[in-house]
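Here are the chains, one letter per residue:
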Amino acid sequence: MNQLSIIGPTASGKSDLAIKIALKIDAYILSIDSLSIYQEIDIVSAKPSVDELSKVKHFGINVLKPDEYFSVDIFISLYKDLVKKCKKDKKNLIIVGGTSFYLKSLMQGLSTLPIMTQEIKESVDKQLQNLPAAYNLLCQKDALYMKNIDKNDSYRIEKALLIYEASGVTPTEWFKANPPKPIIEDLTIYNIEVSRETIRERIKKRTAMMLEMGLIDEVCILEKKYSRLPHSMSSIGIVEVLDFLDGKITKDEMCELVSIHTAQLAKRQQTFNKTQFIGVISAPLEELEEIILSQLPLISGNQTEF
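## Structural notes on the overall build of the protein chain
Then, number 1: Scanning the protein chain for helices and strands turns up 14 helices and six strands.
Then, number 2: In summary, the protein chain has a C-alpha radius of gyration of 21 Å against a globular reference of 19 Å for 306 residues, a match within 12%.
Then, number 3: Across the 306 residues that make up the protein chain, the buried fraction comes to 44%.
Then, number 4: Residue pairs in contact within the protein chain that sit at least 24 positions apart in sequence constitute 78% of those at least 6 positions apart.
Then, number 5: Here the protein chain displays about 16,500 Å² of accessible surface, and carbon together with sulfur accounts for 52% of that area.
Then, number 6: Taking the average place of the 38 positive charges on the side chains of the protein chain and the average place of its 41 negative ones, the gap between the two points comes to 3 Å.

Printed below as a string of structure tokens:
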């Protein structure tokens, strides 16, 4: 099995390119997108269409319900399972998406966790019944680790408490003694170069298309079914529609804000991709397909011929 990754800012054409390449090299596609992972969030996430999904088998899409928690360790587990499937099915793998933080996590890996007995889990469960007290305890013990954890983030508070109870040391001390190991040792990464002016124009058109497809109705259904509490409901495209529904902004202002905030996200994605990866092959979209296909025999591993 060989694997490669295609990254780039939102609306740069990553999904279309990945499908074209996958069809030519007999590959599965793993989506690294923080919204496409959720079922029912279809228009907001701009996930591939039913027709596109039917052309090539995608993974990392429609995995969780909008009120279920998603984290890096869940994504890494998903990746490991997919690698096994690719090897079994004799398929190659293309990792594609805008949330490059997940790709970075694959390359850096995660630290191992201490052994957690049932007794420890039950003890932590009891402590979590008073979440503020559990949060304050952790802040006192490990202010450095807790400074980036919200007082209402029960998932990360639970994880930190489990580490502390199981190991007898603070999370900061544990991770210092147990550094992460890379999940992917060697990966060829291709980045789509695109001007910010072009991205802004594409985002503006895509926002208008999302509105025509039923963006407002989708958000209404999501709010009714899941409330506004899940983390997924604070995403770009959802927040602005909720403000419109609350009468805080007009429909035109809503569309403008979705475009602005998405363009700001694209800028952050471009900065992240530029600063967090080494040896990336970058080129405009119209040139990248030919570059990828010409370099396939050189891609790391060479365990399977393309």
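## Section: a negative patch on the surface
Then, number 1: A cluster of acidic side chains, namely Glu-193, Glu-286, Glu-287 and Glu-290, defines a negative patch on the protein surface.
Then, number 2: The element contributing the most residues to the negative patch is helix H14 (residues 285-295), with three residues.
Then, number 3: Checked against the element boundaries, Glu-193 lands in strand E5 (residues 188-193).
Then, number 4: Under the relative-accessibility criterion, Glu-193 is labelled partly exposed at 42%.

## Things to note about the packing of aromatic side chains
Then, number 1: With the rule as written, the count across this model stands at seven aromatic pairs.
Then, number 2: Considering the side-chain rings of Tyr-69 and Tyr-155, the 3.9 Å spacing of their centres and the 25 degrees angle between planes classify their relative orientation as stacked. Pair noted here: Tyr-69 is in the loop between strand E3 (58-59) and helix H3 (72-89) and Tyr-155 is in helix H8 (residues 154-167), with a separation of 86 residues, a long-range link.
Then, number 3: What links up through ring pairs into an aromatic cluster is the set Phe-70, Phe-75, Phe-101 and Tyr-102.
Then, number 4: Over the ring of Phe-277 we find Lys-104, and its NZ or CZ is 5.8 Å from the ring centre.

## Overview of the confidence of the model for the protein chain
Interpretation of this model should avoid reading the predicted coordinates in detail wherever pLDDT is low.
Then, number 1: Mean pLDDT over the protein chain stands at 93; residues scoring 70 or higher make up 97%.
Then, number 2: Across residues 300-306, confidence stays below pLDDT 50; counting only partners more than four residues off in sequence or on other chains, it has 16 contacts.

## A short note on unusual backbone geometry
Then, number 1: The phi angle at Asp-26 is positive, at roughly 60 degrees, despite the residue not being glycine.
Then, number 2: Classification of Asp-26 as partly exposed rests on a relative accessible area of 40%.
Then, number 3: Even without glycine at this site, Ala-46 takes up a positive phi of about 55 degrees.
Then, number 4: Turning to its location among the elements, Ala-46 is positioned in the loop between strand E2 (27-31) and helix H2 (50-55).

## Structural notes on H14
Then, number 1: Turning to H14, its buried residues number three or more, namely Leu-288, Glu-289 and Ile-292. One side of H14 holds all its buried residues, which, seen down the axis, span an arc of 100 degrees. Opposite the buried face of H14, at more than 90 degrees from it, the exposed residues are Glu-286, Glu-290 and Ser-294.
Then, number 2: Looking at the packing, one finds that the buried side of H14 touches strand E1 (3-7), helix H1 (14-25), E5 and strand E6 (281-284).

The rules behind these values
- Residues numbered from 1 in each chain as written.
- Predicted model: local features only at pLDDT ≥ 70, side-chain atom pairs only at ≥ 80, totals over all residues.
- Heavy atoms only, no water.
- Helix = DSSP H or I, 4+ residues; strand = E, 2+ residues; numbered from the N terminus.
- Rg over C-alpha atoms; globule rule 2.2 N^0.38 Å.
- Buried < 20%, exposed > 50% of the residue type's maximum accessible area, 1.4 Å probe, protein only.
- Contact = heavy atoms within 4.5 Å.
- Areas by Shrake-Rupley, 256 points an atom, 1.4 Å probe, with all protein chains shown as cover.
- Lys, Arg positive; Asp, Glu negative; His and termini not counted.
- Charge placed at Lys NZ, Arg CZ, Asp CG, Glu CD.
- Patch = residues over 30% accessible without salt bridge, like charges linked within 9 Å, V, L, I, M, F, W, Y side chains within 5 Å.
- Salt bridge = Lys/Arg side-chain N within 4 Å of Asp/Glu carboxyl O.
- Phe/Tyr/Trp six-rings, centres within 6.5 Å; stacked < 30°, edge-to-face > 60°.
- Lys NZ or Arg CZ within 6 Å of the ring centre and 35° of its normal.
- pLDDT = per-residue confidence, 0-100.
- Arc of directions from axis to C-beta.

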